[in-house]
Amino acid sequence: MKIAVLSGKGGTGKTTLSVNLFAQLNDVVLLDSDVEEPNSHIFLDMKEIGEIDVVKKYPIVDDVKCNLCGACGEICQFNAIIPAKSRVMVFADLCHDCGGCKMVCKQNAIIYAEKSMGTITHYKSGENKDFYSGILRIGEVSGVKIIEELRALSYNNVTQIVDSPPGTSCATVASIEEVDYAIIVTEPTPFGLSDMKMVVEMLRNMGIPFGVVINKAGLVFDEIHQYLSNEKIEILEEIPFKKQYARFYAQGKMISNEDEDYRMKIKNIITKVLGE
Ligand code: SF4
Ligand code: SF4
């Protein structure tokens, strides 16, 4: 089963939940798809065993063949190739490697070069669990390709936990394609609620079943429960705000290995989602 852990915004505890689910499961692999800001590795004591370079193609224009017809600039959705007065300018960092410009160039003036856009690091734990963490290079605008490569890592008969990018961006959508279930992590605040609503809409549009974990529970904001009840959305668990949890987090410790109450809550989520 493939499970995505999502949040409407950063800072709700999405990564904390992902790594603690990973810690409490057997036969599990963790994919950190939050490629603009991966941080699962901070909480995991694992050995790095390899790195995959993720490359993308970008166009190079042959000025001799090019007649400045403008077709490449018209098809590019990302302003990565712009025919100017005397030559075509290419902005490789903006290119999404879609192949459109080469396809429409009747002069056959475009070839593609390759550049590294990020890496995927493979880690292994002493218990033989696998963890992959993707990271986008500074200056690159889209991590979708790295996420697609993470998604393509095939694991049979194990639970896959996907730590997704926050929000509802293209990168988030790419990370949850093909998942069987999604866990939304939210917090009981007006921002938490409004950002969660967008994630709920995205998951419903994609037909992905989901439940909610309320983090930092105990803050007085009843609207979140009213909304979840009105929308008939299951609350998988409520995790209270405790200074001790914040302390473990700040120390880079796995909370579920340190605190029995927290561990029971993680196991409860596992039971509800996986039936284990
Ligand atoms: S489509 Fe080809 S010929 Fe036309 S401007 Fe672009 S590179 Fe030049
Ligand atoms: S490959 Fe696609 S994104 Fe890149 S420059 Fe060409 S049309 Fe634009």
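Residues numbered from 1 in each chain as written. Chains lettered and ligands numbered in written order. Predicted model: local features only at pLDDT ≥ 70, side-chain atom pairs only at ≥ 80, totals over all residues. Heavy atoms only, no water.

Asker: I keep staring at the sheet that holds strand 1 (residues 2-7) and nothing clicks. Help me out?
Answerer: Sheet strands line up and pair through hydrogen bonds in the backbone, either parallel or antiparallel. What the 9 strands build is an open sheet, ordered 3-6-7-2-8-1-9-10-11; its pairing is mixed. Here the strands that pair on one side only, and so sit at the sheet edges, are strand 3 (47-61) and strand 11 (235-240). On average, each strand axis in the sheet is tilted by 20 degrees relative to the strand beside it, whichever way the strands run. Note: strand 6 (residues 110-124) against strand 7 (residues 130-136), 7 bridges, orientation antiparallel. Residue pairing for strand 7: Thr 119 is matched across the bridge by Ile 135. In the packing of helix 4 (residues 144-152) onto the sheet, contacts are made with strand 1, strand 2 (28-32), strand 3, strand 6 and strand 7, and the angle to strand 6 comes to roughly 50 degrees. Packed on one face of the sheet, helix 6 (residues 190-206) meets strand 1, strand 9 (181-186) and strand 10 (210-217) and runs near 170 degrees to strand 9. (Pairing = 2+ DSSP bridges. Helix = DSSP H or I, 4+ residues; strand = E, 2+ residues; numbered from the N terminus. Axes fitted to C-alpha atoms, helices over the stretch in contact; angles between N-to-C directions. Contact = heavy atoms within 4.5 Å.)

Asker: Help me out: how do you make sense of the site of ligand 2 in this one?
Answerer: In the region of ligand 2, the neighbouring residues are Pro 59, Cys 76, Phe 78, Ala 80, Ile 81, Cys 95, His 96, Asp 97, Cys 98, Gly 99, Cys 101 and Tyr 112. Among the residues forming the shell around ligand 2, the class breakdown is 9 nonpolar, 2 polar and 1 charged. (Near = heavy atom within 4 Å. Nonpolar A, V, L, I, M, F, W, Y, C, P; charged D, E, K, R; others polar.)

Asker: Just to check I follow, could you spell out the packing of helix 1 (residues 14-24) against helix 10 (residues 260-274) for this structure?
Answerer: Helix-helix packing: each pair is described by the crossing angle between the helix axes and the interaxial distance. Where helix 1 contacts helix 10, the two axes come as close as 10 Å, and the packing angle between them is 85 degrees. Put simply, helix 1 runs roughly perpendicular to helix 10. The residues of helix 10 that touch helix 1, namely those facing Thr 16, Leu 17, Asn 20, Leu 21 and Gln 24, are Tyr 262, Arg 263, Ile 266, Lys 267, Ile 269 and Ile 270. The residue makeup of the contact of helix 1 with helix 10, split by class, is 6 nonpolar, 3 polar and 2 charged. (Parallel < 35°, antiparallel > 145°, perpendicular 65-115°, else oblique.)

Asker: Teacher, can you tell me more about helix 10 here?
Answerer: For the α-helix, the turn length of 3.6 residues means that residues three or four positions removed from each other point alike. Compared with the 21 Å implied by 1.5 Å per residue over 15 residues, the 20 Å span of helix 10 between its first and last C-alpha is a close match. Turning to helix 10, its buried residues are Tyr 262, Ile 266, Ile 269, Ile 270 and Val 273. Down the axis of helix 10, the buried side of the element spans an arc of 100 degrees, and every buried residue falls inside it. A side-chain oxygen of the first residue of helix 10 lies 3.0 Å from the backbone nitrogen of Asp 261; this N-cap is Asp 259. Of the residues one or two after helix 10, Gly 275 is the one with positive phi, at around 70 degrees. (Expected span 1.5 Å × (residues − 1). Buried < 20%, exposed > 50% of the residue type's maximum accessible area, 1.4 Å probe, protein only. Arc of directions from axis to C-beta. Polar contact = N/O pair within 3.5 Å; in protein donor to acceptor, adjacent residues only side chain to side chain.)

Asker: It is not clear to me how a nonpolar patch on the surface should be interpreted in this structure. Could you clarify?
Answerer: Taken together, Ile 82, Met 89, Phe 91, Leu 94 and Val 141 make up a surface patch of nonpolar side chains, about 360 Å² in accessible area. Relative to the elements of secondary structure, Leu 94 occurs in the loop between strand 5 (88-90) and helix 3 (100-104). (Patch = residues over 30% accessible without salt bridge, like charges linked within 9 Å, V, L, I, M, F, W, Y side chains within 5 Å. Areas by Shrake-Rupley, 256 points an atom, 1.4 Å probe, with all protein chains shown as cover. Salt bridge = Lys/Arg side-chain N within 4 Å of Asp/Glu carboxyl O.)

Asker: What is the right way to read the nonpolar core from this model?
Answerer: General note: in soluble globular proteins, nonpolar side chains tend to be found buried as a group. Core analysis: the largest hydrophobic core is formed by 39 residues, its most contacted members being Ile 176, Ile 184, Met 196, Leu 203 and Leu 228. Counting residues per element, this core draws most heavily on helix 6, which supplies 6 residues. Dropping the residues within four chain positions of it, Leu 228 is found in contact with Met 196, Val 212, Ile 214, Ile 233 and Ile 235. The next biggest cluster of nonpolar side chains, apart from the first, holds 30 residues, and it includes Phe 22, Ile 161, Leu 236 and Ile 266. (Core = buried A, V, L, I, M, F, W, Y, C linked by side-chain atoms within 4.5 Å.)

Asker: Any chance you could explain the domain arrangement of the chain here in plain terms?
Answerer: The extent of an interface is frequently quoted as the accessible surface area lost upon association of the parts. Here the domain parsing of the chain yields domain 1 (2-46 + 125-274) and domain 2 (55-116). Computed over C-alpha atoms only, the centres of domain 1 and domain 2 are separated by 38 Å. Contact residues are listed per partner, giving 6 residues for domain 1 and 8 residues for domain 2. Approximately 570 Å² of surface area, both sides summed, lies buried where domain 1 meets domain 2, with 43% of it carried by carbon and sulfur atoms. (Domains from an automatic or database assignment. Buried area = accessible area lost by both parts, 1.4 Å probe.)

Asker: Hey, could you run me through the pairing of strand 7 in this one?
Answerer: Working note: regular strand, side chains alternate between the two faces of the sheet. Buried residues dominate strand 7, accounting for 6 of its 7 residues. The pairing of strand 2 with strand 7 spans 4 bridges and is parallel. Considered in strand 7, the bridge of Val 29 is made with Asp 130. Counting the residues in the hairpin turn of strand 6 and strand 7 gives 5 residues, including Asn 128, whose phi is positive at 70 degrees.

Asker: Is there a simple way to explain the pairing of strand 6 in this structure?
Answerer: Two strands pair when backbone bridges link them, and strand 3 and strand 6 are joined in this way by 14 bridges, in the antiparallel orientation. By the bridge assignment for strand 6, Glu 48 is matched with Tyr 123.

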